Amino acid sequence: MRPLLIILGLLISIDAFADAKAGEKKAQLCLLCHKPENVKYGAPLLEAQSTKYLVRATTEYKIGKRSDPIMKSSVANLSSRDIRNIADYIASRPAVTGVFSTDPAKVAVGEKWVVEMKCGSCHGPTFAGTEAVPRLAGQITGYLISQLEAFAADRRAHPPIGTRFDRIGDVEAIAHYLTAMK
Ligand code: HEC
Ligand code: HEC
């Protein structure tokens with residue numbers, strides 16, 4: 001019985017290793033767009049998001065639940081296993097923070113909104129995210145603005161937060177505050 005268990009254990013660990021390697025290789029294509037230097041293309045930073053969130057978001061583009069033509073074609077040929085491997089690899093990468101400049105006056109206004117709206121109750125006190133809720137700290141300002149606008153226009157779903165996003169008013173200030181978080 002014992003040798004069999006050892007062999008099984010070895011097989012499982014070899015498989016896990018192969019997955020991480022396969023994910024790393026396939027993720028290089030994704031990281032061509034998803035990096036701070038590419039800010040003008042609207043691709044968000046993905047590092048340190050949870051595997052669960054990355055798998056869900058990637059799959060949503062594939063099935064058209066979140067619509068973006070660039071992302072749809074980038075993930076069209078990936079299997080669920082590929083998506084999982086890539087997500088595992090990207091989730092294990094350290095967060096990229098503090099690379100974008102922000103306007104201190106906007107950051108201060110944004111902080112007031114975010115505290116008042118209790119955004120940290122789901123996204124975490126430092127906005128590092130959780131398994132199911134995305135990380136927002138250090139994210140690209142333009143991407144945050146585009147998503148907040150998409151929530152307000154019902155182009156993307158967000159859990160109800162008491163007040164509607166279109167009544168927040170200063171979406172830009174909120175985005176500056178979140179980008180500035182480490
Ligand atoms: C040609 C550029 C490009 C490539 C290549 C690309 N993406 Fe994207 N990705 C984008 C853009 C642009 C968005 C933002 C779309 C939107 O506004 O919804 C995005 C959004 C995402 C999001 C949503 C993140 C969030 O915080 O909700 C995930 C996850 C993602 N991409 C994963 C991937 C993966 C995995 C790959 C590789 C298989 C990949 N992307 C390749 C441009 C790209
Ligand atoms: C009840 C929990 C909850 C609260 C409160 C909350 N969020 Fe979220 N937020 C989520 C979840 C869950 C998602 C992922 C939505 C999805 O993709 O299905 C999300 C997604 C987002 C995104 C998109 C991130 C990305 O990577 O695409 C932004 C931006 C955001 N929230 C900002 C805010 C702001 C600003 C507030 C406060 C006004 C807030 N959230 C309050 C749960 C919450």
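What counts and how
- Residue indices follow the written sequence of each chain, beginning from 1 at its first position.
- The lettering of chains begins at A and the numbering of ligands begins at 1, in the order of writing.
- Restriction of local features to residues with pLDDT of at least 70 applies here, the model being predicted, together with a cutoff of 80 or more for giving and counting side-chain atom pairs; totals for whole chains, interfaces and linings are based on all residues.
- Water and hydrogen atoms were dropped before computing side-chain values, which therefore reflect all heavy atoms in the structure.
- We call a residue near a molecule or strand as soon as one heavy atom of that residue lies within 4 Å of the molecule or strand.
- Any pair of nitrogen or oxygen atoms within 3.5 Å is treated as a polar contact; in protein, a donor-acceptor pairing is required on top of that, and neighbouring residues in sequence qualify only through side-chain atoms on both sides.
- Secondary structure elements follow DSSP: runs of H or I no shorter than four residues count as helices, runs of E no shorter than two count as strands, and numbering proceeds from the N terminus.
- To estimate how far a helix should extend, the number of its residues minus one is multiplied by 1.5 Å.
- Any residue under 20% of the maximum accessible area for its type is buried, any over 50% is exposed, and the rest in between are partly exposed; the area is computed with a 1.4 Å probe on protein chains only.
- Only N, O and S atoms count as donors, using a 2.8 Å limit from the metal and a wider 3.2 Å limit for Na, K and Ca, and since water is excluded some coordination spheres may look unfilled.
- In short, tetrahedral needs four donors with all angles between 85 and 135 degrees, square planar needs four and octahedral six donors with opposite donors over 155 degrees apart and all other angles between 65 and 115, and whatever is left is irregular.

Peer 1: When you look at the site of ligand 1 in this model, what are you seeing that I'm missing?
Peer 2: Around ligand 1 lies a shell of 24 residues, among which C30, C33, H34, Y53 and M71 are the nearest. Between ligand 1 and the protein, one listed contact pairs an oxygen atom with a side-chain N or O atom of Y53 at 2.5 Å. Between ligand 1 and Q147 there is a distance of 3.2 Å, counted from an oxygen atom to a side-chain nitrogen or oxygen. Taken together, the elements giving at least two residues each to the shell around ligand 1 come down to α1 (2–33), α2 (51–63), α3 (69–75) and α7 (141–152). A per-element tally of the shell around ligand 1 places α2 first, with five residues.

Peer 1: Explain the side chain of T51 to me, please; I cannot follow it from the model alone.
Peer 2: On the secondary structure map, T51 appears in helix α2. Reaching out from T51, the side chain makes a polar contact with the side chain of D88 at a distance of 3.3 Å.

Peer 1: I tried to follow helix α4 (residues 80–91) on my own but got confused; where do I start?
Peer 2: Helical geometry note: an α-helix holds 3.6 residues per turn, so side chains three or four residues apart project in the same direction. With twelve residues, α4 ought to run about 16 Å at 1.5 Å a step, and its terminal C-alpha atoms sit 16 Å apart, in line with that. Considered for burial, the residues of α4 that qualify are D82, I83, N85, I86, A87, Y89 and I90.

Peer 1: I would appreciate a short explanation of the coordination of the iron atom of ligand 2 in the present structure.
Peer 2: Around the iron atom of ligand 2, the protein supplies H123 (NE2) and H158 (NE2) as donor atoms, at distances of 2.0 Å. Every donor counted, the six donor atoms about the iron atom of ligand 2 form angles of 84 to 179 degrees at the centre, which fits octahedral coordination. Highlighted residues: H123 in helix α6 (residues 120–123) and H158 in the loop between α7 and α8 (171–180), separated in sequence by 35 residues. Look at H158 and you get partly exposed, because its relative accessible area is 27%.

Peer 1: What should I look at first to understand the coordination of the iron atom of ligand 1 in this one?
Peer 2: Four donors placed tetrahedrally about a metal ideally form angles of 109.5 degrees, and six donors placed octahedrally ideally form angles of 90 or 180 degrees. Protein coordination at the iron atom of ligand 1: the donors are H34 (NE2) and M71 (SD), at 2.0 to 2.1 Å from the metal. Geometry at the iron atom of ligand 1 is octahedral, judged from the six donor atoms that bind it and their angles of 87 to 178 degrees at the metal. Separated by 37 residues along the polypeptide, H34 in the loop between α1 and α2 and M71 in helix α3 bring together distant segments of the chain. Among the residues examined, H34 registers a relative accessible area of 10% and is labelled buried.

All quantities given are derived from atomic positions and should not be read as evidence of function.
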